[in-house]
Amino acid sequence: MKTHHNPKNNQLFLQAKKHIPGGVNSPVRAFAGVGGTPIFIHRAKGSKLFDTENNAYIDYVGSWGPMILGHAYPPIIEAVQQAAADGLSFGAPTPFETTIADKICELIPSVELVRMTNSGTEATMSAIRLARGYTGRDKIVKFEGCYHGHSDGLLVKAGSGMLDIGEPTSKGVPSDFAKHTITLPYNDIDALHACFNKFANEQGSELACVIVEPIAGNMNMVIPSQDFHDTLRQLCDEHGVVLIFDEVMTGFRVGLGGAQTHFGITPDLTCFGKIIGAGLPVGAFGGKRAIMECVAPLGGVYQAGTLSGNPLAMRAGIAMFDSLTKDGFYQQLADKVDYLLNGIHQVADKHGIAIRSNRLGGMFGLFFTDNNIPQNFDDVSKTDNQAFAQFFHGMLDNGIYLAPSAFEAAFMSSAHSMQDLDATILAADKVFADMKSA
Ligand code: PMP
């Protein structure tokens, strides 16, 4: 395999910057966290991405989750080709939307009704509007280090005090919007109690909802405690607060039933994204019938989309679910993740490089730290970003494509072969050796 940086990337990046802000259509792609020039991808097949010079990279990003069957998986490509031949969009109902809704409700018991959107951002934004419409309350709670897309009320961080009014994290977000968002530390039961004591107590509740990544995939991979989830569910129940699980990252990824099945928690609403459309633009939100019946046209919470439930995305998703529901699918992914991480830990130990890891199903995270496995955003922020950047570039030079940020999770697909995993471990061995001698 020919694996080196393609010098053409510099040229392509310059050209891209001429008419695209920062040369990218989503900021993380610009390699800001690790430095250097992004690789421009021309095509992908199975476990591999190919750049414009046909250099191959074993891919652990998988389009940030959806490529669980590998790239250009033949049954999905066939489904999309057939769908395209039948017309790209009708702006009218199709039976494919019903098939996928039935499938999601069958696989995720907390979901009784589900509405398709075009992205994860739309799903979370709509779920929050729904929670507000259902409860008649304005305030929402989110957690530090969780990402729920780029809608105004979610681009907010904690104010100077934990229970203060939130502050926008992006210019252009009115502070009037941010003041309705409370941001708490993740995985912190005391903070939950303090928040509910203040905003949802015997006098009534000001809280419409709590939105949480049940396993965080946007601060590397952080798995919270069972107690955190049990407490959250209990407090929301006691005070009629809608509990929203954002499973855009974890849904059909950590297991067929998502993180909610892993923790045995029934959220009121769940958001999905990415994976449902097998790589085509899709999101969804769904949950308890009584809440979902508030969505238009049944209820007064408006939500819509010209391309929502797009036939290509639905037919790709249906083909994908056929594979995910095969016996042993997730065990096979988990076994591969174990093999890879055990190998990486071994070579890290050999070279005296301190790493920690998290894993569940087809999702995993690697931290450069000799502290305990991170439990929240603060812990992740204290990991060695410089070591990660060195590792990232070393791996890229050796043909391994990881997320260009120490704050992102990694993904395994069913297309990754044992040779891919061994090549990745070998690359890590070389890169750790270089890091140690640098
Ligand atoms: N929620 C989570 C947990 C996510 O990881 C993301 C995207 N990474 C989103 C929401 C937003 O999804 P999208 O990028 O499709 O708008």
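About the cut-offs
- Residues numbered from 1 in each chain as written.
- Predicted model: local features only at pLDDT ≥ 70, side-chain atom pairs only at ≥ 80, totals over all residues.
- Heavy atoms only, no water.
- 1 Å grid on protein atoms, 1.4 Å probe; cavity = no way out; pocket = protein on both sides within 12 Å on 5 of 7 lines; lining within 4 Å.
- Points joined across faces, edges and corners; volume = space filled by probe spheres on them.
- Helix = DSSP H or I, 4+ residues; strand = E, 2+ residues; numbered from the N terminus.
- Nonpolar A, V, L, I, M, F, W, Y, C, P; charged D, E, K, R; others polar.
- Near = heavy atom within 4 Å.
- Polar contact = N/O pair within 3.5 Å; in protein donor to acceptor, adjacent residues only side chain to side chain.
- Areas by Shrake-Rupley, 256 points an atom, 1.4 Å probe, with all protein chains shown as cover.
- Buried < 20%, exposed > 50% of the residue type's maximum accessible area, 1.4 Å probe, protein only.
- Contact = heavy atoms within 4.5 Å.
- Arc of directions from axis to C-beta.
- Pairing = 2+ DSSP bridges.
- UniProt positions renumbered as here; feature names shortened; annotations may be inferred.
- Salt bridge = Lys/Arg side-chain N within 4 Å of Asp/Glu carboxyl O.
- Disulfide = S-S within 2.5 Å.
- Expected span 1.5 Å × (residues − 1).

Caption draft 1: Looking closely at the layout of surface pockets. Counted as a void, the second largest pocket has a volume near 350 Å³. In terms of lining, the second largest pocket is formed by 15 residues, of which the most central are E97, V114, R115, M116 and S308. For the lining of the second largest pocket, the secondary structure elements donating two or more residues are α3 (95-107) and β4 (113-117). Looking at the lining of the second largest pocket element by element, the count peaks at 4 residues for α3. Split into classes, the residues belonging to the lining of the second largest pocket amount to 9 nonpolar, 4 polar and 2 charged.

Caption draft 2: Molecular detail of empty space enclosed by the protein. In the structure shown here, the tally under the stated rule is 3 cavities of 30 Å³ or more. One number sums up the size of the largest cavity: a volume of about 200 Å³. Residue lining of the largest cavity: 18 residues in total, with F364, L366, F388, L402 and A410 positioned closest to the centre. Elements supplying a minimum of two residues to the lining of the largest cavity: α11 (329-351), β16 (363-368) and α13 (385-397). Residues that form the lining of the largest cavity fall into these classes: 13 nonpolar, 4 polar and 1 charged.

Caption draft 3: Seen up close, the site of the ligand. In the neighbourhood of the ligand, the contacting residues comprise S119, G120, T121, Y147, H148, G149, E213, N218, D246, V248, M249 and K274. Y147 places a polar main-chain atom, nitrogen or oxygen, 3.3 Å from a nitrogen atom of the ligand. N218 is positioned such that a nitrogen or oxygen atom in its side chain is 2.9 Å from an oxygen atom of the ligand. Its free accessible area being 390 Å², the ligand has 82% of it covered by the protein chains. Its residues assigned to classes, the shell around the ligand comprises 3 nonpolar, 6 polar and 3 charged.

Caption draft 4: Local environment of the environment of F321. Summarising the element assignment, F321 is placed in helix α10 (residues 311-324). For F321, a relative accessible area of 1% translates into the label buried. It is 9.7 Å that separates the C-alpha atoms of F321 and G277, two residues lying 44 residues apart in sequence. Discounting residues that sit within four places of it in the chain, F321 has contacts with I100, K103, I104, L107, F252 and I276.

Caption draft 5: Helix α6 (residues 189-199), seen in detail. For α6, the set of buried residues is A191, L192, C195, F196 and F199. Angularly, the buried residues of α6 cover 130° about the axis, an arc narrow enough to put them on a single face. Exposed side of α6, more than 90 degrees from the buried face: D190 and N197 are the residues found there. On the buried face of α6, the contacting elements are β5 (139-143), β8 (181-184), β9 (200-201), β10 (204-205), β11 (207-212) and α7 (226-238). N-capping of α6 is provided by D188, with a side-chain oxygen placed 3.1 Å from the backbone N of D190.

Caption draft 6: Local environment of the sheet that holds strand β17 (residues 400-401). Read across the open sheet, the 4 strands follow the order β1-β2-β3-β17; overall the sheet is mixed. At either end of the open sheet lies a strand with only one pairing partner, and these are β1 (41-45) and β17. Alignment of strand β3 (residues 56-59) against β17, held across 2 bridges, turns out to be parallel. Note that in β17 the partner of D59 across the bridge is Y401.

Caption draft 7: Main features of the UniProt feature "modified residue: N6-(pyridoxal phosphate)lysine" (unreviewed entry) in the protein. Residues annotated in UniProt with the feature "modified residue: N6-(pyridoxal phosphate)lysine" (unreviewed entry) correspond here to K274. Within the secondary structure, K274 is located in the loop between β13 (269-273) and β14 (283-287). Setting aside residues up to four positions removed in sequence, K274 forms contacts with W64, P66, V248, M249, G279, L280 and V282.

Caption draft 8: Structural detail: the pattern of salt bridges. Scanning all chains against the criterion turns up 13 salt bridges. Between D268 and R233 there is a salt bridge, and its shortest N-O distance comes to 3.0 Å. One end of the pair, D268, is in the loop between α8 (258-263) and β13; the other, R233, is in helix α7, with 35 residues separating them in the sequence. Comparing D268 with R233 shows no difference in burial state: the two are buried.

Caption draft 9: Spatial organisation of the state of the cysteines. All chains considered together, the criterion is met by 0 disulfides. No disulfide involves C271; its nearest neighbouring cysteine sulfur is the one of C209, lying 9.4 Å away. Relative accessible area serves as the criterion here: at 0%, C271 is assigned to the buried category. C294 forms no disulfide, and the closest cysteine sulfur to it belongs to C209, at a distance of 13 Å.

Caption draft 10: Looking closely at helix α2 (residues 74-85). Here α2 spans 16 Å end to end across 12 residues, near enough to the 16 Å set by a 1.5 Å rise per residue. Restricting attention to buried positions, one finds in α2 the residues I76, A79, V80 and A83. Buried positions in α2, seen along its axis, are confined to an arc of 95° and lie on one side of it. Across α2 from its buried face, at more than 90 degrees, point the exposed residues Q81 and A85. Buried residues belonging to α2 abut α10.

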